[in-house]
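# Coordinate analysis (summary)
As a plain string of letters, each chain reads:
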Amino acid sequence: MKKQTSAAEEQLCFRTSIGGQALLEGILMRGPQKQAIVCRTPDGLVEKIDELHLVKDKHPVLGWPLVRGVVTFLDSMVKGMQALTYSADLLPIEEQGEPDKLDQWIEAHFSEEKAKSIIIGVAVVLGILLAVGLFVLLPTLLGKLSLRLIPSMSSFGLSMVEGVIRIVIFLTYLWGVTRMQDVARMFAYHGAEHKTIFCYEKGLPLTVENVRVQSRFHPRCGTSFLFVVVMISILVFAAVSSLLTHWNNFWIRFGLHLLLLPVIVALSYELNRWVGRHDNALSRVLSAPGKWLQRLTTNEPDDGMIECAIRALELVIPEEKGSDTW
């Protein structure tokens, strides 16, 4: 039976461009024309549908390869934070944490709508700064310290040391957040999202029974994208830093990391996009590490979570069949 299920998981009718994000007791699904948020509350499912106005429609150059990756990444961060904030507001009062002093100050000096926009903007900026601190600044600093142990280390060797440190930090971070109870439930919604998309891609009716048996490991997951970013950053910086004259200068290496971030995100997006659109030996090898990591970032969902994911997906499926083909 297990072998039959495994084989069935590979028999996709098509690959959809619809993607999702787990929220607090809910799911965000994003289709080609609109996105939907469906959250479970004590009173039942709450739905929110928004038409998508993509920046590339207004400025086509932003949809070009090697440009669209950075634009999509930033747009996803903003929309994802907005959706996360919306889902948090739907939680019962007793489960909502007290706003911090900065949020309280913003809410006291701006209108409700303006305050939410500012708070989301601050959260996005802080999220980027945290990522830069953990995955750029800290590995560069620890790499610099490693030169004291091995003064004769080459630029390539130092880049590899920084890369290993970055991977360790990434894996430790993922492992750490899985220990949090709220995050564990969110990761179960993440599993429901993947299972539902797999069910849809196979052309099966979207029922709890059909969704439940699907795999929770999907090649086009955000976790896979982040892992690809980490690996490409190692390769790109190793190649570029080998050309530096002052290759061991901390500030030069840190500044170069920052300058190369858009390039790394762009390359990672295109590689992830290629892997998601193809099913061959190379694409399976490239997607394998991301799927392994999804054992940390996805959990098996309950039926209520699956119902939530199904409804969110149904709301964004385009009327024109096939227009969401990846």
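Going by the structure above, here's the rest.
Below or above, wherever it landed, is the structure these notes cover. (Residues numbered from 1 in each chain as written. Predicted model: local features only at pLDDT ≥ 70, side-chain atom pairs only at ≥ 80, totals over all residues. Heavy atoms only, no water.)

## A few points about the pattern of salt bridges
- Taken as a whole, this structure holds 13 salt bridges when the rule is applied.
- With a shortest N-O distance of 2.3 Å, arginine 30 and aspartate 75 are connected by a salt bridge. One end of the pair, arginine 30, is in strand β2 (residues 26-30); the other, aspartate 75, is in helix α3 (residues 68-89), with 45 residues separating them in the sequence.
- Overall, arginine 30 belongs to the buried group, its relative accessible area being 19%.
- A salt bridge links arginine 212 to aspartate 303; the shortest N-O distance between them is 3.1 Å. With a gap of 91 residues between them, arginine 212 in helix α8 (residues 208-212) and aspartate 303 in helix α12 (residues 303-316) connect regions that are remote in the sequence.
- Aspartate 303 sits in the partly exposed class, given a relative accessible area of 34%.
- One continuous salt-bridge network, built from bridges that share partners, spans Arg30, Asp75 and Lys79. (Salt bridge = Lys/Arg side-chain N within 4 Å of Asp/Glu carboxyl O. Helix = DSSP H or I, 4+ residues; strand = E, 2+ residues; numbered from the N terminus. Buried < 20%, exposed > 50% of the residue type's maximum accessible area, 1.4 Å probe, protein only.)

## Re the sheet that holds β2
- Pairing within the open sheet is antiparallel, and its 4 strands lie in the order β1-β2-β3-β4. Looking at which strands have only one partner, the edges of the open sheet turn out to be β1 (19-23) and β4 (44-51). In this sheet, neighbouring strand axes are inclined to one another by 15 degrees on average, regardless of whether the strands run parallel or antiparallel.
- In the sheet, β1 pairs with β2 via 5 bridges, with the strands oriented antiparallel. Opposite glycine 20, over in β2, you have methionine 29 as the bridge partner. (Pairing = 2+ DSSP bridges. Axes fitted to C-alpha atoms, helices over the stretch in contact; angles between N-to-C directions.)

## Points about the packing of helix α5 (residues 112-149) against helix α10 (residues 250-277)
- The interhelical angle for the contact between α5 and α10, taken along N-to-C directions, is 150 degrees, at an axis separation of 10 Å. Looking at the two axes, α5 sits roughly antiparallel to α10. Here α5 and α10 pass one another in a crossing that is right-handed. Counted together, Val132, Val136, Leu137, Thr140, Leu141 and Lys144 of α5 and Phe250, Arg253, Phe254, His257, Leu258 and Leu261 of α10 form the full contact between these two elements.
- Each residue belonging to the contact of α5 with α10 can be placed in one class, and the counts come to 8 nonpolar, 2 polar and 2 charged. (Parallel < 35°, antiparallel > 145°, perpendicular 65-115°, else oblique. Left-handed = near helix turned anticlockwise from the far one by under 90°. Contact = heavy atoms within 4.5 Å. Nonpolar A, V, L, I, M, F, W, Y, C, P; charged D, E, K, R; others polar.)

## Regarding α5
- The end-to-end C-alpha distance of α5, which contains 38 residues, comes to 54 Å, matching closely the 56 Å that a straight helix rising 1.5 Å per residue would cover.
- At glycine 133, α5 shows its maximal bend, which comes to roughly 35 degrees.
- Taken together, the buried positions of α5 are occupied by Ala115, Ile119, Ile120, Val124, Val132, Phe135, Val136, Pro139, Thr140, Gly143, Ser146 and Leu147.
- Along its buried surface, α5 packs onto α3, α4 (101-109), α6 (155-177) and α10. (Expected span 1.5 Å × (residues − 1). Bend = angle between axes of the 7 residues up to and from the residue.)

## Here we look at the side chain of serine 159
- If you trace the backbone, serine 159 turns up in helix α6.
- Discounting chain neighbours no more than four positions away, the residues touching serine 159 are Phe237, Ala238, Ser241 and Arg253.

## A word on empty space enclosed by the protein
- Per the counting criterion, the structure on display carries 1 cavity of 30 Å³ or more.
- For the largest cavity, the calculated volume is near 40 Å³.
- Along the walls of the largest cavity sit Pro219, Ser224, Phe227, Val228, Asn272, Val275, Leu286, Ser287 and Gly290, which together make up its complete lining.
- For the lining of the largest cavity, the secondary-structure elements that each account for two or more residues are α9 (222-241), α10 and α11 (281-297).
- Of the residues belonging to the lining of the largest cavity, the class tally is 5 nonpolar, 4 polar and no charged. (1 Å grid on protein atoms, 1.4 Å probe; cavity = no way out; pocket = protein on both sides within 12 Å on 5 of 7 lines; lining within 4 Å. Points joined across faces, edges and corners; volume = space filled by probe spheres on them.)

## Comments concerning unusual backbone geometry
- Not every positive phi belongs to a glycine, and glutamate 25 is a case in point at roughly 55 degrees.
- Inspection of the secondary structure puts glutamate 25 in the loop between β1 and β2.
- Phi at leucine 66 takes a positive value of approximately 70 degrees, unusual for a residue other than glycine.
- Relative to the elements of secondary structure, leucine 66 occurs in the loop between α2 (55-58) and α3.

## What about the nonpolar core?
- In terms of nonpolar packing, the biggest core is built from 25 residues, with Met29 and Leu313 touching the most fellow members.
- If you list the elements that add at least two residues to this core, you get β2, β3 (34-41), α7 (181-201), α8 and α12.
- With 9 residues, α12 is the largest single contributor of residues to this core.
- When neighbours within four sequence positions are excluded, methionine 29 is seen to be in contact with Ile18, Gly19, Gly20, Lys34, Gln35, Ala36, Glu193, Ile197, Ala309, Ala312, Leu313 and Val316.
- The next biggest cluster of nonpolar side chains, apart from the first, holds 11 residues, and it includes Phe237, Leu256, Val265 and Tyr269. (Core = buried A, V, L, I, M, F, W, Y, C linked by side-chain atoms within 4.5 Å.)

## Brief notes about a nonpolar patch on the surface
- A surface patch of nonpolar side chains, about 280 Å² in accessible area, is lined by Leu138, Leu141, Leu142 and Leu145.
- Among the residues examined, leucine 141 registers a relative accessible area of 38% and is labelled partly exposed. (Patch = residues over 30% accessible without salt bridge, like charges linked within 9 Å, V, L, I, M, F, W, Y side chains within 5 Å. Areas by Shrake-Rupley, 256 points an atom, 1.4 Å probe, with all protein chains shown as cover.)

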